Amino acid sequence: MSYTYLITGATSDVGRALIERLLQNAPADTLVLAQGCGDLEKLADLCARFPGQVRPFDVDLSDRAKVDTFVQVLAASAPAPTHFIHLPALPVVNAKFKAFDQTRFDRDLEIQVRICRAVLPAMAKARFGRVLFIQTSYTIGCPPKNTAAYVMAKSAIGGLVKSLAVEYARFGVTVNCVAPSMMETNFLKDTPDLIVQAAEENPMGRNATPADVVPAMAFLLSDEAGFITGVTLPVTGGSAIV
């Protein structure tokens, strides 16, 4: 069976590391549909290393019309995704709840739901699929203060994962999450100092890296994980334990 991975947020540090992991030693007909937004140059090296296997798309997921067009282009020009990995997250904003941005929160949730609605029916029809989201350890342990919008959005992913897992399990489609602690990425560099967990507070004495998280993601996307669905897997170095 040929695998087609749709990865939103593919230009992120985690996205690029995951693409490399998935395509190493993969059959030549394996395809990655890689979404970014104004930063596709970050995929240039992967496109060169895996010619014909990485197909970049420049799409602003916050624009409803562009998301709809993206879905239509995929349906017309690419195989139906067998795997869907959703990585984007709006930046963590250090804001008290009285300044809660409802529009921003609604937009973040809508992005996840709209793309799921576009890919899950085809997976069900094929009776195979892997869906993976990325949460945060904030949904497991005690989150920093003034992060209500971010924590609510990530917690909503957990509810979506559980619901979709139950609904689609009989079709051979699994839906899971990884929940890493703070990762040393460009995303972390843009996070306000107030809500960045100090590395020394982690039991392992450091923050996570994409290299710590990607193997867990690859496992949940693998054939071997076919009987695992509806789970949120912490990758935290012991800072959040369930």
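Note that this is a predicted model, so its numbers are computed, not measured.

Calculation rules
Residues numbered from 1 in each chain as written. Predicted model: local features only at pLDDT ≥ 70, side-chain atom pairs only at ≥ 80, totals over all residues. Heavy atoms only, no water. 1 Å grid on protein atoms, 1.4 Å probe; cavity = no way out; pocket = protein on both sides within 12 Å on 5 of 7 lines; lining within 4 Å. Points joined across faces, edges and corners; volume = space filled by probe spheres on them. Helix = DSSP H or I, 4+ residues; strand = E, 2+ residues; numbered from the N terminus. Nonpolar A, V, L, I, M, F, W, Y, C, P; charged D, E, K, R; others polar. Buried < 20%, exposed > 50% of the residue type's maximum accessible area, 1.4 Å probe, protein only. Contact = heavy atoms within 4.5 Å. Axes fitted to C-alpha atoms, helices over the stretch in contact; angles between N-to-C directions. Parallel < 35°, antiparallel > 145°, perpendicular 65-115°, else oblique. Left-handed = near helix turned anticlockwise from the far one by under 90°.

Q: Lay out the layout of surface pockets in plain terms, naming residues and giving numbers.
A: Put simply, the second largest pocket is a space of about 330 Å³. In this structure, the second largest pocket is lined by 20 residues; those nearest its centre are Tyr3, Tyr5, Leu22, Ala26 and Ser222. Within the residue set of the lining of the second largest pocket, elements represented by two or more residues are α1 (13-23) and α7 (210-220). Class assignment for the residues of the lining of the second largest pocket results in 10 nonpolar, six polar and four charged.

Q: How would you sum up the side chain of Thr30? Please name residues and give values.
A: By the element assignment, Thr30 lies in the loop between α1 and β2 (31-36). Judged by its relative accessible area of 5%, Thr30 is buried. Those residues within four positions of Thr30 in sequence are excluded, and the remaining contacts are Tyr3, Tyr5, Leu23 and Gln53.

Q: Could you give me a rundown of the packing of helix α3 (residues 64-77) against helix α4 (residues 102-126), with the residues and numbers involved?
A: Packing of α3 against α4 brings their axes to within 11 Å, and their N-to-C directions diverge by 20°. Classified by the angle their axes make, α3 and α4 are roughly parallel. Between α3 and α4 lies a crossing whose hand is right-handed. On α4, the residues that touch Arg64, Val67, Asp68 and Val71 of α3 are Glu110, Arg114, Ile115 and Ala118. Here the residues of the contact of α3 with α4 are counted per class, giving four nonpolar, no polar and four charged.

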